[in-house]
Amino acid sequence: MNNQWRRTWQALKESLALSISASTPPHLQRLHARVITAGLGGNLYLSSLLISKYFSFRLPQLARSIFDIHLEKKPTKTLLWNSMIRGYLGLDLTQEGLGIYREMMSLNGGCKPDRYTFHLALKACVKLEEFEFGLCIGREAREIGLESDLLVATPLMGLYMKAGEIEAARELFDKMPRRDVVSWNSIISGYSNNGYLSECLNLYKEMKFCFNISPTEATFVGLISCFGNLIEIKYGEMMHGHIIKIGFESNLIVSNSLVEMYIKCDKLYKGVKLFNGLLVKDAISYSSLIGGYIKNGRPDFALQLFYLMVLKLGFKPTRPVLLNVILACAYLNDLIQGKWIEKNYIFCNYNEFGTDRNLITAIIYMYAKCKQVGTSLQILNKFENLKEDVIAWNAIMKACDEIGEISTIFEIYFEMRKRGINPDSVTFLLLLSNISAIPNLKKGTKLHAQIVKLGSETKIRIMNSLINMYVKCGKIEDSIKIFNLIAQKDEISWSSIIQAYALNGDILNSFNLFEKMIKTKIRPNEFTFLALLSACRNTGNVEKAKDLFVSMREKYGLEPKIEHFTCVIETLIRAGNFADASGILKQGVEKYGNNPKIWGIFLNNSRFSGDIEIGELAANKLLKLEPKNAANYKMLGETYVLSGRRNDANYIFELLENMELEKKRGISWLECG
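Predicted model only: the values in this text are computed from it and were never measured.

Chemist: What is the right way to read the packing of helix α10 (residues 166-175) against helix α11 (residues 181-193) from this model?
Modeler: Relative placement of two packed helices is described by the angle separating their axes and the distance separating the axes. Taken N-terminus to C-terminus, the directions of α10 and α11 make an angle of 160°; their axes are 11 Å apart at the nearest point. Looking at the two axes, α10 sits roughly antiparallel to α11. The element α10 and its partner α11 pack so that their crossing is left-handed. Side by side, α10 and α11 meet where I166, A169, R170 and F173 of the first sit next to S183, W184, I187 and Y191 of the second. Taken together, the residues of the contact of α10 with α11 break down into six nonpolar, one polar and one charged.

What follows is the structure in structure tokens.
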């Protein structure tokens, strides 16, 4: 009789288990009731199935209610605990999942974690960047001999890598008695995220050719993201060829990563070509290219692709896509399209986007960029989670900065301070930049006092910006004081103070500081050389200017920008060294042939050198590039006058008068009070 009863009981459990596994949400609750009425509510296996199923239907509260009933009895087996942690992680409720592990450990040995528990808890720590707690979990796993277990070691490696403990991660990897493709992917991804290119490539070769482990899509995503982040297009293109060779080119996840890599490496046209060749595309494919168009200054193309994606192909827009298209509308000052996107995809049907603070901040920025600052403030005040969010206030000020509304920037800042909201580094940098542009010493010293009061003076980016502000306001002594206060000076600190002396015509101190900079092992950048070349131009030091221009490329591997060409050529022209100026001009034309600045220098050069042939060549090019710029006609006319060709000069001046080209208006700022 007992055997018969046990068989019936077992059959009932198995039947319920099968029904739970195949149930729908309404059916599941009836089965749950059946489990309780059958007296099986305390069965761990059935309860774990119910918990997992409730989580799969996104009903975490009902899953928790089952768990809480068992919790009263302090369960000593890990089955329920693991089901709860796994369920929360599956719903992206990572904090709650880690909370279950904490509850488990609070039982003081009532239930000991197993390899699955450690695996889940470590994954949660990686996602939440709970490094200290994750390291504690790692020590607990080590104490019971599970640290090198494949299931535990893989997320623990990820934790070490994310925490910057590169050597600890590698030591753990090397100690693992058995390694599968997931553990190889984990170590490659870790090195990739930390920018270790050669280690990534060596591990890939070792995995594939020494251990004969076939790569997966995750392997390639890790490698490709490294090439993109480090702007290593050569390796990226080689890997693309390798991917095609081994037959992974049809994998959409890998292809999306390649599109992203080309965009990061400023090869948008290659990203577009790859995107267009994809037989299958998903929302991530479109998101990558829309983001690429924004990054490369083509917001119009971004919007066209968005409409194709959502209106013609029926894809639902993701959060990154919406962020990018709202920015596209802001950059185009197109409030009509922006409002349409806002109405139809963000503030509609109470979806999750309507409360997303990043999206709402982007909308706030869009309205301000379209000169609707009042609307931006209305939206900001409407959302409780944004009223005191300094990022949202910064977005309004940034937009005002971009449209030249300097006075409004300070009005917004004063309103923000009136509400008791503390500025952050971004706020101060934006304000200092505008004060430098005016410049306005009174505002600058007041802001400096606030920076000191709020304890932000030690932040190097703010210190560098303060140096620049005092330089622009003509207070060289104050900029030197700030420079001397910086404990760990970077290349911007040195470049800014060199520029201070250069603007003051002190070439000796400019070059002395440059030598000190080199001795401190700080590598100069393009701004350092521009400051030094400016010093040479201001003092007429031709030889130093020529030496700097050569060493910039040959010694420091920096490619001169158009500003460097302009500066050194002006130095040579002022000294009457027209031959050398023409030689450098020709180098500039090779690189910046379609930039009006370079042809403007050519034309200006001809006025002083009397080389009318070069002047006419430059003028023809300029009139094609800037047909409505009156200054170009005037310079050509003056060149003809200086060379004695009065008739040609009269013709140009008459043409200029007949075209009725207006002079560009200037803006003057006066500091009052």
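Chemist: How do you make sense of the side chain of N251 when you look at a structure like this?
Modeler: You can see N251 is positioned in the loop between α14 (233-245) and α15 (252-264). Take N251: its relative accessible area is 19%, and that puts it in the buried class. Reaching out from N251, the side chain makes a polar contact with the side chain of E217 at a distance of 2.9 Å. Of note is the side chain of N251, whose polar atom sits 3.0 Å from the backbone nitrogen of I253.

Chemist: What should I look at first to understand the packing of aromatic side chains in this one?
Modeler: To describe a pair of aromatic rings, you give the distance between the ring centres and the angle between the ring planes. Counted according to the given criterion, the structure contains 22 aromatic pairs. Between F347 and F383, the aromatic rings sit 5.9 Å apart at their centres with planes inclined by 20°, giving stacked as the arrangement. Pair noted here: F347 is in the loop between α20 (335-346) and α21 (357-369) and F383 is in the loop between α22 (373-382) and α23 (384-387), with a separation of 36 residues, a long-range link. A relative accessible area of 30% means that F347 is categorised as partly exposed. A relative accessible area of 14% means that F383 is categorised as buried. Between F549 and F565 the ring centres are 5.2 Å apart and the planes differ by 70°, which places this aromatic pair in the edge-to-face class. With F549 in helix α33 (residues 542-554) and F565 in helix α34 (residues 562-574), this residue pair connects regions lying 16 residues apart in the sequence. For F549, a relative accessible area of 5% puts it in the buried group.

Chemist: Help me understand the packing of helix α18 (residues 299-312) against α20 in this model?
Modeler: α20 packs onto α18 with a crossing angle of 30° between their chain directions and a minimal axis gap of 13 Å. Overall, the two elements α18 and α20 adopt an arrangement that is roughly parallel. Of the two possible hands of crossing, α18 and α20 adopt the one that is left-handed. Residues L303, F306, Y307, V310 and L311 of α18 form the contact with α20, whose participating residues are Q337, W340, I341 and Y345. Tallied by class, the residues present in the contact of α18 with α20 amount to eight nonpolar, one polar and no charged.

Chemist: How do you make sense of the confidence of the model for the protein chain when you look at a structure like this?
Modeler: Do not read the predicted coordinates in detail wherever pLDDT is low. Chain-level pLDDT for the protein chain is 88 on average; 94% of the residues reach the 70-or-more range. Here residues 662-673 scores under 50 on pLDDT; set against residues more than four positions off or in separate chains, the count is eight contacts.

Chemist: Help me understand the pattern of salt bridges in this model?
Modeler: A side chain of one charge can pair with a side chain of the opposite charge if their charged atoms are brought near each other. Enumeration over the complete set of coordinates arrives at 24 salt bridges. The shortest N-O distance in the salt bridge between E130 and R102 comes to 3.7 Å. Residue E130 is found in the loop between α7 (115-128) and α8 (131-143), and its partner R102 is found in helix α6 (residues 94-105); the two are separated by 28 residues along the sequence. Judged by relative accessible area, E130 falls into the partly exposed class, the value being 25%.

Chemist: What is the right way to look at the nonpolar core in this model?
Modeler: Note that soluble globular proteins tend to have their nonpolar side chains buried in a common cluster. Among the nonpolar cores identified, the biggest contains 208 residues, and I187, F220, F306, L322, I341 and I569 are the most heavily contacted of them. Every residue in contact with F220, bar those within four places of it in the chain, is listed here: Y204, P215, M239, H242, I243, I246, F248 and V254.

Chemist: What's the story with unusual backbone geometry in this structure? I'm lost.
Modeler: Peptide bonds are trans in most cases, and residues, glycine excluded, mostly fall at negative phi. At the junction of I438 and P439, the peptide bond is cis and its omega measures out at -20° in the coordinates. Positionally, P439 belongs in the loop between α26 (425-437) and α27 (441-453). Although it is not a glycine, E129 adopts a positive phi angle of roughly 55°. By the secondary structure assignment, E129 is in the loop between α7 and α8. E129 sits in the partly exposed class, given a relative accessible area of 47%. A positive phi is found at I231, a non-glycine position, where the angle reads about 55°. As for its placement among the helices and strands, I231 is situated in the loop between α13 (217-229) and α14. A relative accessible area of 47% places I231 in the partly exposed class.

Rules behind the numbers
Residues numbered from 1 in each chain as written. Predicted model: local features only at pLDDT ≥ 70, side-chain atom pairs only at ≥ 80, totals over all residues. Heavy atoms only, no water. Axes fitted to C-alpha atoms, helices over the stretch in contact; angles between N-to-C directions. Helix = DSSP H or I, 4+ residues; strand = E, 2+ residues; numbered from the N terminus. Parallel < 35°, antiparallel > 145°, perpendicular 65-115°, else oblique. Left-handed = near helix turned anticlockwise from the far one by under 90°. Contact = heavy atoms within 4.5 Å. Nonpolar A, V, L, I, M, F, W, Y, C, P; charged D, E, K, R; others polar. Buried < 20%, exposed > 50% of the residue type's maximum accessible area, 1.4 Å probe, protein only. Polar contact = N/O pair within 3.5 Å; in protein donor to acceptor, adjacent residues only side chain to side chain. Phe/Tyr/Trp six-rings, centres within 6.5 Å; stacked < 30°, edge-to-face > 60°. pLDDT = per-residue confidence, 0-100. Salt bridge = Lys/Arg side-chain N within 4 Å of Asp/Glu carboxyl O. Core = buried A, V, L, I, M, F, W, Y, C linked by side-chain atoms within 4.5 Å.

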